Amino acid sequence: MEESDKLVPRKILPVLPLKNVVALPRSIKPVLVGREISVRAVETAHKAGGEVFVAAQKRDDVELPTPDDIFTHGIRARIIQTAPAPNGTMKILVEGIVRAMSCNMAMADGFLVAEITDLESAPVENGSEDKALCKELHRAFEEYFGLEDRTTPDTLESLKGVTDLDYLTDTIAAHLDLGFDQLQMLLEMLDLRDRTIKLLAFLYEEVEVLQADKSVRRRVQSQIEKHQKDYYLNEQMRAIQKELGRDDHQKDLEDLKGKARKCKMSDEALERVDAECKRLEQMQPTSPEAAVSRNYVDTLVALPWHKRTRDSVGISKAEKILDSSHAGMKKAKERIIEFLAARKFAGDKLEKAHILCFTGAPGVGKTSLGKSVAKALGREFVRISLGGVRDEAEIRGHRRTYIGALPGRIIQAMRKAKVVNPVILLDEVDKMAMDFRGDPASALLEVLDPEQNKHFVDHFLEVEYDLSKVLFITTANMLDNVPGPLIDRMDVVSLSGYNDDEKLHIACKFLLPKLFKEYCLKSVKVKIPETVLKKIIESYTKEAGVRQLERVLAQIIRKAIKFFLENKTRKVVNVDDKLLEKWLGFPKFRKETLSAPGQVGIVTGLAWTEVGGDILEVEATVLEGKGGLTLTGQLGEVMQESVQAALSYVRSRAKELGLKKNFYSESDIHIHLPEGAVPKDGPSAGITMAAALVSIFAKIPIKKNVAMTGEVTLRGRVLPVGGLKEKLLAAIRYGMDTVIVPKENEIDIKEFVDELDESLKLIYVDHVDEVLEHVLAESPFASKKKAPAKKKAPAKKPVAKKKPAKSN
């Protein structure tokens, strides 16, 4: 008989989902209700008569189940009692009425509601067979009752004389110690004959288990006699293991000793293994001390002590690997190739492995470059993330006296690599912190020191372990947060941000092929011209790396896949500007609108940020006042000091600049940097501040398309600054024709001058006087202004005799 023949009119009831519990008809089951979805269902059912549809969840780790997470077969039950419990939960008793099946289930008002139909069991048509099955069920359950101690005599007494096979199967199943899947299977079986046979099979299996348990108990009791309770429990475990045919504990220890000798560990470590094995022989295998010792020995044996990979160092091969995985990074690649060349030339005689530190903005490829180094060497690669680590034990491990002690991350990485010469990448080394548990950065001093890491001691191992053959690579966004002694142990390789041309190359050669492969899409189906890619780079991303660019390109490909599914006749989609705005919206980033050129008191500076270079406009104005100085735009302490230094320089040069002696005391100065919500700091805007101050007091406009960067001193000297490549790329991006930079930075700029636009004019200066000559529309110095006037009116020469009197 099919299920459709046994359906009765449908009802709509709240759904009570259960975790790891199956409720059966004709049984009363206590349920602890704590989830909001269950509490609301119980409250609604209580108001509507107390009936609810009870069904089990397919997975117990789902906290907010959907209709797909719940079995369709359950029971229609009645809530017969509710009682409040701590923490906002409630205890209820549900009485199963009949099997039911959910035909349609949905979420409503914060809980699940189901349209259900009651299910009737198909009876055994042969009366004799029905009686025989009923009799066998009684006999098997009585045998089970005789072996099982938890079932009360009242249960057996209540079932005597019961001939209703449907009631009998459900009641007996509720009293058996069956698993979740077994109970759900019995619940879903509507054929009474099949259900009874399946229940009998479960009963026979439970009887066999209980008989074996009773045999084990008799054997243990005959052995222990007057021993203590703990010894009794251990002997019972031994008897169970013997019954299951497991290997003896002594044999395991002998195998462990053999593995320790084969891995060629140090003499000190081998002595510790032998000592721990002797201790284990005298312990019970199930004792906590034995578990700690066994974990310690397993860790020593699992570590690589001698096995290593052979370096497949080929300079041309390494260059191809680096070029195929990363665009640009000329300086970084040269440094890596130099290291590989030294490794190839010296071979195993090069005992000290240099520690490389890749520093740069997020997304420029520091981590992936470390993977490429491992690939070029043919070594195993393990990455350790140090972001947020603030416990020294993360590096050195915990002492074995603590519960749950583990070795440090370095030893765990060696265990994972399984060789003594892997490449270990210590990622985000600048994100470590320090608290009462210790300073992990200080613990790294031993790890990253070639003179000391040969004898590295982890607190968990308590024996020396050789890390000298490991190639450590660290990454950091900024070195300001890294302790000086740690930086001193590393060769720092700076990775600057990508310019727009490099990003375009990366998008065409790396990102798009990778995304097409990831989304199983042929590149000919989605065509993105270079002009569109340039617009994406300029208008939809603002970063030094390419992570955001990859996310935007992935979004375009997903939009294209959706387009193909909606328009099945289209085979190719060409992404143009119009389609780009439709899919991605209006541009999210626009170039900062620069003020009109030729204005007084508005100067363009250059700034470095974590996402690359940018321009920095400085606006200055003079107001009537008493010599006050107002700074706005979230300026940091260092930048405020730069303004003070620039103002002091202008005051000291007032005479040469043709300004009144007390020009500053009769007016207030207000300097503002736009984008006030963005904090700004650093000394590199010093000459920009000085130029703005001279411009407003001398009332001389600024030249068009001139930007500058450099630190200023009280005497007007221009000192070098950092981040030149990013700043100059930003100047090119904003259409600057001329950039004024410190003279001492000329050597730094020569390293990447080939990557700059040829039309960009660089002016190197070492004094603010030179800056003013190049940035102001006319010379601000009084002597140069009056030179032509002296030729026209030579009669004024005697006036010069009064100058000595003025100096007094």
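For clarity, every value in this text was computed on a predicted model and none was experimentally measured.

## Digging into unusual backbone geometry
Here the phi dihedral of K264 falls at roughly 55 degrees; this positive angle occurs in a residue that is not glycine. Despite not being glycine, E428 has its phi angle at roughly 55 degrees, a positive value.

## Some points on the sheet that holds strand β20 (residues 706–708)
Neighbouring strands of a sheet are bound in pairs by backbone hydrogen bonds; such pairs are parallel or else antiparallel. Within the open sheet, the seven strands sit side by side as β18-β19-β17-β16-β20-β23-β24. Their pairing is mixed. In this open sheet, the two edge strands, each paired with only one partner strand, are β18 (629–632) and β24 (761–765). Sheet twist, expressed as the mean angle between neighbouring strand axes with direction ignored, is 25 degrees. Bridge count for β20 against strand β23 (residues 738–742) is three bridges, and the pairing is parallel. Within the sheet, the bridge partner assigned to M708 lies in β23 and is I740. Contacts between helix α23 (residues 686–698) and the sheet are confined to β16 (602–609), β17 (612–624), β19 (667–672), β20 and β23, with β17 contributing the most and set at about 30 degrees to the helix. Each of β20, β23 and β24 is contacted by helix α26 (residues 768–775), which is oriented at about 150 degrees to β24, the strand it contacts most.

## Examining the pairing of strand β12 (residues 471–476)
Of all the six residues making up β12, six are buried; the element is thus mostly covered by neighbouring parts of the structure. Every second residue of β12 is oriented toward a common face, with L471, I473 and T475 on one face and F472, T474 and A476 on the other, all of them buried. Relative to β12, strand β7 (residues 356–360) runs parallel, the two sharing four bridges. Bridging across to β12, T359 finds its partner in A476. Here four bridges tie strand β9 (residues 423–427) to β12, and the two strands are oriented parallel to one another. What sits directly across from I424, in β12, is F472.

## Quick word on the side chain of E51
Relative to the elements of secondary structure, E51 occurs in strand β3 (residues 51–56). We classify E51 as buried; its relative accessible area is 19%. Within polar-contact distance, the side chain of E51 engages the side chain of R76 at 3.0 Å.

## Digging into the confidence of the model for the protein chain
Taken over all residues, the pLDDT of the protein chain has a mean of 83, while the share at 70 or more is 90%. The low-confidence segment residues 1–7 (pLDDT under 50) makes 14 contacts with residues lying over four places distant or belonging to another chain. Below a pLDDT of 50 lies the segment residues 786–808, which in the model reaches zero contacts outside its immediate sequence neighbourhood of four places, other chains included.

## Quick word on the pairing of β19
Taking every second residue as pointing to the same face, the buried face of β19 carries S667, I669 and I671, while none of D668, H670 and H672 on the other face is buried. With six bridges joining them, β17 and β19 adopt antiparallel strand pairing. Bridged to L623 within β19 is D668. The handedness of the β18 to β19 crossover, carried by helix α22 (residues 637–652), is left-handed.

## Focus: the packing of aromatic side chains
By the definition in use, this model includes six aromatic pairs. Ring geometry for W305 versus Y465: centroids 5.1 Å apart, planes at 75 degrees, classification edge-to-face. Of the two residues, W305 sits in the loop between α10 (288–302) and α11 (315–325) while Y465 sits in strand β11 (residues 464–465), which places them 160 residues apart along the sequence. Classification of W305 as buried rests on a relative accessible area of 16%. Of the residues examined, Y465 reaches a relative accessible area of 2% and is grouped as buried. When the ring centre of Y296 is taken as origin, the NZ or CZ atom of R400, which lies over that ring, is 3.8 Å away. It is K525 that lies over the ring of F564; its NZ or CZ is 5.9 Å from the centre.

Thresholds, definitions, all that
By convention here, each chain's residues receive numbers from 1 onward along its written sequence. Side-chain atom pairs in this predicted model are given and counted only at pLDDT of 80 or more, local residue features only at pLDDT of at least 70, and totals for whole chains, interfaces and linings cover all residues. Just so you know, side-chain values use all the structure's heavy atoms and leave hydrogens and water out. The pairing criterion for strands is at least two bridges between them, as found by DSSP. Helix numbers and strand numbers start at the N terminus; a helix is a DSSP run of H or I with at least 4 residues, a strand a run of E with at least 2. Orientation is described by axes fitted as lines to C-alpha atoms, over the contacting stretch for helices, and by angles from 0 to 180 degrees between their N-to-C directions. It only takes one pair of heavy atoms within 4.5 Å for two residues to be counted as in contact. Each residue is placed in one exposure class: buried if its accessible area under a 1.4 Å probe, protein chains only, is under 20% of its type's maximum, exposed if it is over 50%, and partly exposed if it falls in between. Polar contacts here mean pairs of N or O atoms no more than 3.5 Å apart (in protein, one a potential hydrogen donor and the other a potential acceptor; neighbouring residues in sequence count only if both atoms are side-chain atoms). Scored from 0 to 100, pLDDT records how confident the predictor is in each individual residue. A crossover gets the label right-handed when its path from the first strand over the helix to the second runs clockwise, viewed with the strands pointing away from the viewer. Note on aromatic contacts: the rings of Phe and Tyr and the six-membered ring of Trp form a pair at centre separations within 6.5 Å, being stacked when their planes are under 30 degrees apart, edge-to-face when over 60 apart, and tilted otherwise. Two limits define a charge over a ring: the Lys NZ or Arg CZ must be within 6 Å of the ring centre, and within 35 degrees of the ring normal.

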